[in-house]
Amino acid sequence: MTMVHLKLEEGSVAVCEAARLTPGRGVAALLPDGRQAAVFTDRRGRTYAIDNRDPFTGAYVLSRGLLGATPEGRPYVASPLLKHRFDLETGACLDDAAQAVRTYVTEHSH
């Protein structure tokens, strides 16, 4: 069984089994400090994690967003509420440069 881990300042935390991730769909994970992460895998098997909180509305919904890619191939998630797109690698908002979300490094282990 392969687990997905997020690297945090205080160490690594297991969030779910990799097999539970469906390409193109996200899951929400509660972190030890009370924050929430949105974890995704794409069709190539790459895993991403960002804050689950949409900075425009304050709602914890990014895990329910739709995955896509820019014409240049940058992976993003579009918030299900106001449709703002967040780069899954950098956390930058592609629609408003003044906003961003935190990203997390993901690891897989057996």
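Residues numbered from 1 in each chain as written. Predicted model: local features only at pLDDT ≥ 70, side-chain atom pairs only at ≥ 80, totals over all residues. Heavy atoms only, no water.

Asker: Got a minute to help me understand the sheet that holds strand β6 (residues 66-69) in this structure?
Answerer: Hydrogen bonds along the backbone pair up the strands of a sheet, which may run parallel or antiparallel. In spatial order, the strands read β6-β7-β8; together these three strands make up an open sheet with antiparallel pairing. Single-partner strands in this sheet number two, and they are β6 and β8 (85-87). In this sheet, neighbouring strand axes are inclined to one another by 35 degrees on average, regardless of whether the strands run parallel or antiparallel. (Pairing = 2+ DSSP bridges. Helix = DSSP H or I, 4+ residues; strand = E, 2+ residues; numbered from the N terminus. Axes fitted to C-alpha atoms, helices over the stretch in contact; angles between N-to-C directions.)

Asker: Looking at this structure, I do not really get the pairing of strand β9 (residues 103-109). What am I missing?
Answerer: For a regular strand, side-chain orientation follows a simple rule: the groups alternate between the two sheet faces. Summarising the sheet, strand β1 (residues 3-8) and β9 pair through five bridges and their orientation is antiparallel. Pairing of Val-4 across the sheet is with His-108, part of β9.

Asker: Where do I start with the nonpolar core in this structure?
Answerer: Here is a general trend for soluble globular proteins: nonpolar side chains tend to be buried in one another's company. By size, the foremost hydrophobic cluster in this structure holds 12 residues: Val-4, Leu-6, Leu-8, Val-13, Cys-16, Leu-21, Ala-29, Leu-31, Ala-37, Val-39, Ala-49 and Tyr-104. For this core, the secondary-structure elements that each account for two or more residues are β1, β2 (11-17) and β4 (36-41). By residue number, the principal contributor to this core is β1, which donates three residues. Apart from the residues within four sequence positions on either side, Leu-8 is in contact with Val-13, Leu-31, Pro-32, Arg-35 and Tyr-104. One finds Ala-38, Tyr-48, Ile-50 and Phe-86 within the second-largest nonpolar core, a separate group that totals 10 residues. (Core = buried A, V, L, I, M, F, W, Y, C linked by side-chain atoms within 4.5 Å. Buried < 20%, exposed > 50% of the residue type's maximum accessible area, 1.4 Å probe, protein only. Contact = heavy atoms within 4.5 Å.)

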